[in-house]
Amino acid sequence: MPAGQARQVTVLASEVASARRLKLYWCPNTRANRVVWMLEELGLDYETVHVDVFRPRRSDELLAVSPMGKVPGLEDGDVRMCDSSAICLYLADRYGRGTFAPGFDDPDRGRFLQWMIFAPGVIEPAVTEMFGGSAGDPRTNGWGDFGRMIRAWEQGLGDGPWILGDRFTAADVTLGATGVLCKRFKLFRGHPALSDYIARCQRREAFQRALAVDRAGPKSLPARAQALAMSAAASLAWARKPTYRLLDWLRRPGEKE
Amino acid sequence: MKLYWGPGTRAFRAVWMLEEAGLDYERVPVDLSAPERSSELLAASPMGKVPALRDGDVRMWDSAAICMYLADRYAPGRLAPARDEPDRGLYLQWMFFSPGAIEPATAEKEAGRLSVPRVNGWGNFEKMVDTWERGLSGNDWILGDRFTAADIMLGSSALTMRSEGTLPGSTVLEAYADRCLARGACQRALNRFIDR
Ligand SMILES: N[C@@H](CCC(=O)N[C@@H](CS)C(=O)NCC(=O)O)C(=O)O
Ligand SMILES: N[C@@H](CCC(=O)N[C@@H](CS)C(=O)NCC(=O)O)C(=O)O
């Protein structure tokens, strides 16, 4: 990060740290990791509240920020919200304006927002649909289909190194974190530009710090069992359906006890 | 400002947004049944989808992104809470709900695919609807008394689902769709929408 950027982020971060403390509802090996990465990029001070999403119980505290009982969820003063993409956008606009998010009147703003929607609105549904084995109509589906998604992503990246060119933003956090999973599921075969992009993301210091946070986190027995099942599903296509059914079944007991 | 548009599409959301913001714009009809797309459209919309927008040097696609962009840029504090308002977080959360939850959950249900609610970002159809209804929790709009661009996204999802018969028997969501329809800007968008 250029020195100027670093300085601006530090100033904004200290403004926050004195006023309040960010609270992140988090669980290792989940989408909460995107937000940890974002927080690390921004150099913000935050507290993690562990939620074992691999078990059925959810606290009222979590349900107040995340109605589906999912992680991540965020508390920042009076702000209570969920959804990893929305949280990354919120944090980048609020604490990394001009660096991790183009300002509202910056000509890059439009493309930035378009790519912020891409992970949850295009990549995730396109991949899920492909894994589910039934593709809908790519013209009516907002995400097109897997092939159109990959082409748009690759083309958008161009020569990179980041999705907006030279500038690393929150959109690279959400795309990069989703891409790490795509890579694990070997979806980038024949798309070296995308694999290289993900490798670049993984080399960032903040990404590494976020990984360390996950590794140091508590892991219950069900969490370990499911992580194992997920990695089997990642490498063996035939293991996917049984794994998904197992996860579905484990989920059954209800969100709250 | 140029809006790439097609009748009966998600471009309606952008038209409604432009009408709420009171902006001047030119509509560029795109023939979606044609096999090819113009390079002009493709420069803004890599999948050749509508809506897409051109505003000065800005070229972008996606209805949610376009609504967020327009609200922050041309109606800040009105159609979008300002960056440091406490409502900003929830506003953004709901801006992602149509593309990230409503649409994939509905498609999954319609296709009869196995759903894995704990892995799917959108949960499943029932959870999505429940979250949406509870989000409204007796209020007129998703942020309470205040109408924002998030209601344009959610409201147009409700209207589309109603016309496609996928809106579940929900009095809360039906009433919400009616409230949206009662807005002048929504009516103007609908009229422009069919006249072509
Ligand atoms: N759209 C949400 C999805 C979050 C999500 O699905 N989280 C999963 C873990 S990656 C979860 O908490 N699952 C547990 C559950 O649904 O009970 C986001 O991006 O934050
Ligand atoms: N996520 C996009 C989806 C846009 C979309 O799927 N548009 C459809 C019409 S509603 C389209 O242009 N289809 C034509 C095609 O895919 O070729 C958005 O919300 O704007």
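Because the structure is a prediction, the values reported are computed rather than measured. (Residues numbered from 1 in each chain as written. Chains lettered and ligands numbered in written order. Predicted model: local features only at pLDDT ≥ 70, side-chain atom pairs only at ≥ 80, totals over all residues. Heavy atoms only, no water.)

Asks: Describe the pairing of strand 2 (residues 46–50) of chain A, naming the residues involved and giving the relevant values.
Replies: Relative to strand 2 of chain A, strand 1 (residues 22–26) of chain A runs parallel, the two being bridged by five bridges. Its bridge partner being in strand 2 of chain A, A:Tyr25 is matched across the sheet by A:Val49. (Pairing = 2+ DSSP bridges. Helix = DSSP H or I, 4+ residues; strand = E, 2+ residues; numbered from the N terminus.)

Asks: Describe the layout of surface pockets, with residues and values.
Replies: Empty space among the atoms can be located by rolling a probe the size of a water molecule over them. Considered as a void within the structure, the second largest pocket measures approximately 1,200 Å³ in volume. For the second largest pocket, the lining is made up of 45 residues, of which A:Thr140, B:Gly8, B:Arg10, B:Thr160 and B:Glu164 are closest to its centre. Elements represented by at least two residues in the lining of the second largest pocket include exactly helix 5 (109–132) of chain A together with helix 1 (11–21), helix 5 (97–111), helix 7 (149–164) and helix 9 (184–195) of chain B. Looking at which element gives the most residues to the lining of the second largest pocket, the answer is helix 7 of chain B, with seven residues. The residue inventory of the lining of the second largest pocket, partitioned by class, reads 18 nonpolar, 15 polar and twelve charged. (1 Å grid on protein atoms, 1.4 Å probe; cavity = no way out; pocket = protein on both sides within 12 Å on 5 of 7 lines; lining within 4 Å. Points joined across faces, edges and corners; volume = space filled by probe spheres on them. Nonpolar A, V, L, I, M, F, W, Y, C, P; charged D, E, K, R; others polar.)

Asks: Please give an account of the interface of chain B and chain A that cites residues and values.
Replies: In this assembly, 53 residues from chain B lie in contact with 58 residues from chain A. Summing both sides of the interface, chain B and chain A together bury roughly 4,800 Å²; the carbon and sulfur share of this comes to 62%. When the buried area of chain B at its contact with chain A is split by residue, B:Arg83, B:Phe96 and B:Arg118 rank highest and sum to 19% of it. Scanning the region where chain B abuts chain A turns up three salt bridges. In this structure, B:Arg113 and A:Glu129 form a salt bridge, with 3.8 Å as the shortest nitrogen-oxygen distance. Applying the counting rule to chain B against chain A returns 16 residue pairs in polar contact (both at pLDDT 80 or more). At the level of elements, strand 4 (58–61), helix 3 (63–74), helix 4 (88–95), helix 5 and helix 6 (125–136) of chain B are the ones that each hand at least two residues to the side of chain B that touches chain A. (Contact = heavy atoms within 4.5 Å. Buried area = accessible area lost by both parts, 1.4 Å probe. Salt bridge = Lys/Arg side-chain N within 4 Å of Asp/Glu carboxyl O. Polar contact = N/O pair within 3.5 Å; in protein donor to acceptor, adjacent residues only side chain to side chain.)

Asks: How would you sum up the nonpolar core? Please name residues and give values.
Replies: Core analysis: the biggest nonpolar cluster contains 148 residues, and A:Leu91, A:Phe118, A:Met149, A:Trp153, B:Tyr91, B:Met128 and B:Trp132 have the highest contact counts within it. With twelve residues, the single largest contributor to this core is helix 5 of chain A. Here A:Trp153 is in contact with A:Trp115, A:Phe118, A:Ile123, A:Ile163, A:Leu175, A:Gly179, A:Cys182, A:Phe188, A:Leu194 and A:Tyr197, once residues within four sequence places are set aside. (Core = buried A, V, L, I, M, F, W, Y, C linked by side-chain atoms within 4.5 Å. Buried < 20%, exposed > 50% of the residue type's maximum accessible area, 1.4 Å probe, protein only.)

Asks: Go over the side chain of B:Arg83 with me, naming the residues and quoting the values.
Replies: Residue placement: B:Arg83 occurs in the loop between helix 3 and helix 4. Of the side chains with opposite charge, A:Asp93 comes closest to the buried, unpaired B:Arg83, at an N-O distance of 5.1 Å. Here B:Arg83 is in contact with A:Asp93, A:Arg94, A:Arg97, A:Phe104 and B:Arg88, once residues within four sequence places are set aside. (Lys, Arg positive; Asp, Glu negative; His and termini not counted.)

Asks: Describe in detail the site of ligand 2, supporting the description with residues and values.
Replies: Around ligand 2, the surrounding shell holds 16 residues, and the nearest of these are B:Arg37, B:Lys49, B:Val50, B:Asp62 and B:Ser63. More than one chain lines the surroundings of ligand 2; the residues nearby belong to chains A and B. One nitrogen or oxygen atom from the main chain of A:Gly142 is found 3.4 Å from a nitrogen atom belonging to ligand 2. Take B:Ser63: an N or O atom from its side chain is 2.6 Å from an oxygen atom of ligand 2. For ligand 2, the accessible surface in isolation is 510 Å², of which the surrounding protein chains cover 93%. Judged by the fraction of its atoms near the pocket grid, ligand 2 is located in the second largest pocket. Residues that form the shell around ligand 2 fall into these classes: five nonpolar, four polar and seven charged. (Near = heavy atom within 4 Å. Areas by Shrake-Rupley, 256 points an atom, 1.4 Å probe, with all protein chains shown as cover. Sits in = over half its atoms within 2 Å of the grid points.)

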